[in-house]
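# Structure assessment
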Amino acid sequence: MSKKRIIVLSAILVVVAGVVTYRFWSGSNVKNKAIPFDIFLEHAVSDDQYIEEDVSGDHLPETYILSSGRLTVTQAGEELWQTPSEWWVDHFEIADTTSDGQMEIALSVWKSRSYGTSKPFWVSEEDKSVKNHFFVFGFKDQKIQPIWQSSNLSRPNCEFNFKDVNGDGMDELVVIEGEYSSDFICSGKYLAVWSWQEWGFYNDWRSKAGEYEGELSQEYLDQIIEVSKFWE
Ligand SMILES: [Ca+2]
Ligand SMILES: [Ca+2]
């Protein structure tokens, strides 16, 4: 092998080693920054909710119980569905989220990893920290199936509900959006309205940054109803 060749090969090896080392360390840093789900669980709080409603349409009501971050759905004492242990559900609503006349189950979920077992090819380093997601499930063939699942929300939903705020006969998703914080407390910063359009939720309106604490009160809804006259 000529001397020139050896120099070129060595240079290539140095570059490859550098890239491998960089990827290893940057990967480790991403991991170290992530808040593990078990640490999150020590701080997490969920609403205790109990709803009886026939969402499946078989004229028998199902029972929806949210307790300690898990939603369990039963009918006549038989368990139909339970949210996975790696999700923390802090609130759910039963509403016609997709404006098709059918009721669905809307969930505010905290979980690690933005995507499931398969991530899109353009995502090289997946964020493993615990983030808020918005999920919609519905009945198909008498089974609870996913209808729509967000990836990591850029702002967590501190509160959400479905209300027809613009009077068009269809419910909008009304939320108090907050910011992620290390103490896991969702501090309300924005009021926002989203509506379902064919294949997802679209933002109709967001307030200026402010302090929106507590529940989605009538006062907040009245503010939204007032501004909804000006958006089309
Ligand atoms: Ca039913
Ligand atoms: Ca509406």
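Refer to the structure printed above.
First, a word on scope: everything that follows refers to the structure included in this document. (Residues numbered from 1 in each chain as written. Chains lettered and ligands numbered in written order. Predicted model: local features only at pLDDT ≥ 70, side-chain atom pairs only at ≥ 80, totals over all residues.)

## Overview of the pairing of strand β2 (residues 62-67)
What you see with β2 is a clean split: Glu-62, Tyr-64 and Leu-66 sit on the buried side and Thr-63, Ile-65 and Ser-67 on the side with no burial. Taken together, the 5 bridges between strand β1 (residues 49-53) and β2 define a ladder with antiparallel strand orientation. Among the inter-strand pairings, Ile-51 is bridged to a residue of β2, identified as Tyr-64. Bridging between β2 and strand β3 (residues 70-75) involves 5 bridges; their strand directions are antiparallel. Of the residues in β3, the one forming a bridge with Thr-63 is Thr-74. Where β2 hands over to β3, the hairpin turn is made up of 2 residues, of which Ser-68 adopts a positive phi near 45°. (Buried ≥ 20, exposed ≤ 12 C-beta atoms within 10 Å, placed from the backbone. Helix = DSSP H or I, 4+ residues; strand = E, 2+ residues; numbered from the N terminus. Pairing = 2+ DSSP bridges.)

## Some remarks on the pairing of strand β11 (residues 190-196)
For a regular strand, side chains alternate in direction, first toward one face of the sheet and then toward the other. Within β11, 5 of the 7 residues are buried, which leaves it mostly tucked inside the rest of the structure. Sheet analysis places strand β10 (residues 172-177) next to β11, joined by 5 bridges and oriented antiparallel. Pairing of Glu-177 across the sheet is with Tyr-190, part of β11. The turn linking β11 back onto strand β12 (residues 201-206) is made up of 4 residues, and Glu-198 within it adopts a positive phi angle of 60°.

## Some thoughts on the sheet that holds strand β8 (residues 143-149)
Taken in spatial order, the 4 strands line up as β5-β6-β7-β8 in an open sheet, and their pairing is antiparallel. The open sheet has two edge strands with one neighbour each: β5 (88-95) and β8. Strand-to-strand twist across the sheet, computed as the mean angle between neighbouring axes with direction ignored, equals 30°. (Axes fitted to C-alpha atoms, helices over the stretch in contact; angles between N-to-C directions.)

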